[in-house]
Amino acid sequence: SSVLLNGNDIDVKSMVEEENFVYGDMTSVAVSPDGSMLAAAVQAQGCGDSGRALLFTCNEDGTLTLKTVVETGVQPDMITFTPDGSKILTANEGEPREGYGAGAADPRGSVTVIDVSSENYNAETVGFEAFDEKRTELVEDGIVLKKDTAPSVDLEPEYIACSDTTAYVTLQE
């Protein structure tokens, strides 16, 4: 059965007030394939700080109830469910929001995978550090990377398309 949201305002910022997290902005929302859950990606105000995924229950009356808040990688830019609804993935862009000047943060890009098949909501954030030692090979294969920058820092996930077992991640810039 489908659930219609009732149009009530939700103060997302107040829901993620934590001692070590300052709300930046919400970047993406997704609804589970069965319509029972809504997930929202929230970036931290600090451009090098980990973001959050908010998971809501979609109630029959159109309201949302916050289930849990899960830490993601830096700057979650896109959030999606696997087709079977067992996992949520975030594309954590990790872009240098302050530019490339001296002292500017250029955080590592990553993908966070959240297991929603149980009430534990275990999350694993996967980065690109394995490519750092293969930088020369990547460049020789035609991958464009910023000069003198490790792939784990330069690769910035923007969008994810996935099956139940495989994720395809686009990398911008």
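Scope of this entry: the structure provided in the associated data block. Every chain is numbered on its own, with residues counted from 1 as its sequence reads. Whole-chain, interface and lining totals are the exception, using all residues; otherwise, since this is a predicted model, local features are given only for residues with pLDDT of at least 70 and side-chain atom pairs are given and counted only at 80 or more. As a convention, hydrogens and water are excluded, and side-chain values are obtained from all of the structure's heavy atoms.

### Quick look at the pattern of salt bridges
Right, on to step 1. A pairing counts as a salt bridge when a side-chain nitrogen of Lys or Arg comes within 4 Å of a carboxyl oxygen of Asp or Glu. For the structure shown, the criterion picks out one salt bridge.
Right, on to step 2. A salt bridge links Arg-108 to Glu-129, with the nearest nitrogen and oxygen atoms 3.2 Å apart. Taken together, the positions of Arg-108 in the loop between strand 6 (87-92) and strand 7 (110-115) and Glu-129 in the loop between strand 8 (123-127) and helix 2 (135-140) put the pair 21 residues apart, joining distant regions of the chain.
Right, on to step 3. Each residue's exposure class comes from its accessible area (1.4 Å probe, protein chains only) as a fraction of the maximum for that residue type: buried when under 20%, exposed when over 50%, partly exposed otherwise. By relative accessible area, which is 37% here, Glu-129 ends up partly exposed. Only DSSP runs of H or I covering at least 4 residues are called helices, and only runs of E covering at least 2 are called strands; the numbering of each starts at the N terminus.

### Quick word on the sheet that holds strand 6
Right, on to step 1. Here, any two strands with at least 2 DSSP bridges between them count as paired. Taken in spatial order, the four strands make up an open sheet running 5-6-7-8, and their pairing is antiparallel. Two strands in the sheet have a free side with no partner beyond their single neighbour: strand 5 (76-81) and strand 8. Taking the axes of each pair of neighbouring strands and ignoring which way they run, one obtains an average angle of 20 degrees across the sheet.
Right, on to step 2. Pairing geometry for strand 5 and strand 6, over five bridges, is antiparallel. Each residue of the ladder has a partner; that of Phe-81, found in strand 6, is Ile-88. Lines fitted to the C-alpha atoms define the axes, with helices restricted to the stretch that makes contact. Angles between their N-to-C directions range from 0 to 180 degrees.

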